[in-house]
Amino acid sequence: MSSQKPTIPKGTRDFPPTEMVRRNYIFDTIRNVFQVFGYQPIETPAMENLSTLMGKYGDEGDKLLFKILNSGNYLDGIPDAESGMRDAGSRLQHLTKHIAEKGLRYDLTVPFARFVVQHQNELIFPFKRYQIQPVWRADRPQKGRYREFFQCDVDVIGSNSLLYEVELAQIADAIFSKLGIRVMIHINNRKVLAGIAEAIGAPDKLTDITVAMDKLDKTGIDKVNDELIQRGITYESVEKLQPILTLEGKIKDKFKTLTGLFKDSEIGRKGLEEMHTVLQFLKDLGLNNKFDFDITLARGLSYYTGTIMEVKALDVPMGSICGGGRYDDLTGIFGLPGMSGVGISFGADRIYDVMNELTLFPQTIQASTRVLFINFGTEEEKYCLTLLANLRQAGIPSEIYPDAAKIKKQMEYANRKNIPFVILVGKNEIETSLLTFKDMRSGEQKSISFDEIKNLLS
RNA sequence: GUGGUCGUAGCUCAGUUGGUUAGAGCGAUAGAUUGUGGAUCUAUAGGUCGUGGGUUCAAGCCCCAUCUUCCACCCCA
């Protein structure tokens, strides 16, 4: 019999107990903050109809969707090779439509939009929800990048109040404060970017400009200019963009420069006004972490229309660990126009990596079993089981070794599992009702009654 | 999708210009110690060298393919 090697798909991971304890610590912290701010949980299925997902993330996104092969005889529905489909690309697309009609969710926002439209009559608007679930992307894995990873989304839909932008920044601030990660919250506004595009005379090149500008801190100004030219932006426009690319320093100065630039750009002025409101609130409220008006912040997703934000860890190089923004018409495509929403998403896996690298996990979360009964044999076992039930009733995590193995082996078990206390009950102990209670860390042990032990443990 | 990289014991890694029987540390198991873990000592077990093909008298080492790991680009949490 040849046995096969156990493996899991590329870019996916198993989580052993030690990791799960830490992951749950992150999820619990995030969930608590979400709830304190008045958000309610929902869940959606791992798979959606492909029609729900396709076309929402751009061409790149469509390629990164995991598609699910139809069950049954999926070859049945395939029409014969059709003319006019010579190139492999369109043939593949055509074929895919026939053999796969479901796909794994790519993010939580689009399924949420679908959810809102589908359940619009049952929901109370503004609808504030949070959602913590895995998402899948057929990307190539690398540092901080997985094919299956968890997102923790908070969104509010059905209001265009800027108070919610402020609230989301506060949520991010609260969560990262609790986790002990020092961060910078980058904030920008899509309308400001549109204003810039307009002001430099290239309003139709908004996407190209933002994609290029997004790389400013990574590749430097020269490379950005090169890319702008390559993307078909005129020298004249690039020239006009320079003062903005080199804009550094105080938020006040950025406003000043942009106000001048936006003399003839209504959308730019609107964006600045929104930015002013949000930043003023944040300044007045006072956050633990720093925030900044980051003009180079673009964010790829095409559906953002207003505020965009992104959070980066200060002490470790990692992509963004949290990001989101305002989208004016996400539900329109599902037949419910005019619903404005704003939300952010926390990348739990990256947050884990950051905390791990900075060793920010508190020791206290490691505790599992607190006390182990050593097993001496059938009679002692019976005696211990009653006490064990008693401890468990009192909420003290406890267990008994399953058989009367050598004491050495049982002690080793306790040691390796980091169980801090051990109770030994043999013939002597049963006779005197004084149990041997051992502290595994100090090695000390004493003979005391069960009630005293219970007292010490609670 | 593009370019590179890694793979040898459970883990971390040695392994000479291709040359007999592939090694170490840690870990595991047993004992030194029949009611006591961590430290020490002793012994033992553990390998189709990622997989498949090729070159050669001879391959862990060279060639090809493939899978996997990690990294960069594109994009993104």
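Up top is the structure these notes are about.
Every chain is numbered independently, its residues counted from 1 as its sequence is written. Whichever chain is written first is A, and whichever ligand is written first is 1; the rest continue in order. Two thresholds apply to this predicted model, a pLDDT of at least 70 for residue-level local features and 80 or more for giving and counting side-chain atom pairs, whereas whole-chain, interface and lining totals are computed over all residues. Excluded from the side-chain calculation are hydrogens and water; included are all heavy atoms of the structure.

**Observations concerning the protein's contact with RNA strand B**
As a structural note, the neighbourhood of RNA strand B is formed by 40 residues, with Lys 143, Arg 145, Ser 320, Lys 406 and Met 440 the closest of them. Distances are taken per atom, and a residue is near a molecule or strand as soon as one of its heavy atoms is within 4 Å of it. Within 4 Å of the protein, the atoms of RNA strand B are drawn from sugar and phosphate moieties in a proportion of 47%. Any pair of nitrogen or oxygen atoms within 3.5 Å is treated as a polar contact; in protein, a donor-acceptor pairing is required on top of that, and neighbouring residues in sequence qualify only through side-chain atoms on both sides. The separation between a sugar or linking oxygen of RNA strand B and a polar side-chain atom of Arg 350 is 3.1 Å. Asn 415 is positioned with one of its side-chain polar atoms (N or O) 2.6 Å from a base nitrogen of RNA strand B. Segments assigned H or I by DSSP are reported as helices when at least four residues long, segments assigned E as strands when at least two residues long, and all are numbered from the N terminus. Those elements giving two or more residues to the surface near RNA strand B turn out to be strand S6 (148-157), helix H16 (407-416), helix H17 (427-432) and strand S15 (435-439). In terms of residue count, H16 provides more of the surface near RNA strand B than any other element does, five residues in total. Under the scheme applied here, ten amino acids are nonpolar (Ala, Val, Leu, Ile, Met, Phe, Trp, Tyr, Cys and Pro), four are charged (Asp, Glu, Lys and Arg), and all others, including Gly, are polar. Class assignment for the residues of the surface near RNA strand B results in 10 nonpolar, 12 polar and 18 charged.

**Concerning the sheet that holds S15**
Pairing between two strands is assigned when DSSP locates at least 2 bridges connecting them. Taken in spatial order, the five strands of this open sheet run S13-S12-S14-S15-S16, and their pairing is mixed. In this open sheet, the two edge strands, each paired with only one partner strand, are strand S13 (398-400) and strand S16 (445-448). Averaged over all pairs of adjacent strands, the angle between their axes in this sheet comes to 25°, without regard to strand direction. The contact criterion used throughout is that any non-hydrogen atoms of two residues lie within 4.5 Å. To define axes, lines are fitted to C-alpha atoms, for helices over the stretch in contact only, and angles between the resulting N-to-C directions are given on a 0 to 180 degree scale. Lying on the sheet, helix H15 (residues 378-393) is in contact with strand S12 (371-374), S13, strand S14 (421-424) and S15; it crosses S13 at an angle near 165°.

**What to know about helix H10 (residues 221-230)**
An α-helix turns once per 3.6 residues; consequently, residues spaced three or four apart project the same way. For every residue, the accessible area (1.4 Å probe, protein chains only) is compared with the maximum for its type, and the residue is labelled buried under 20%, exposed over 50%, or partly exposed between those bounds. For H10, the full list of buried residues reads Val 224, Asn 225, Glu 227 and Leu 228. Down the axis of H10, the smallest arc covering the buried residues is 165°, so these residues share one side. For H10, exposure combined with an orientation more than 90 degrees from the buried face picks out Asp 222, Lys 223 and Gln 230. Buried-residue contacts for H10 involve helix H8 (206-213), helix H9 (216-219) and helix H11 (235-245). Looking one or two residues past H10, Gly 232 carries a phi angle of roughly 90°, positive in sign. The arc under discussion is defined with respect to the helix axis, by the directions toward the C-beta atoms.

Distances and angles like these do not, on their own, reveal function.
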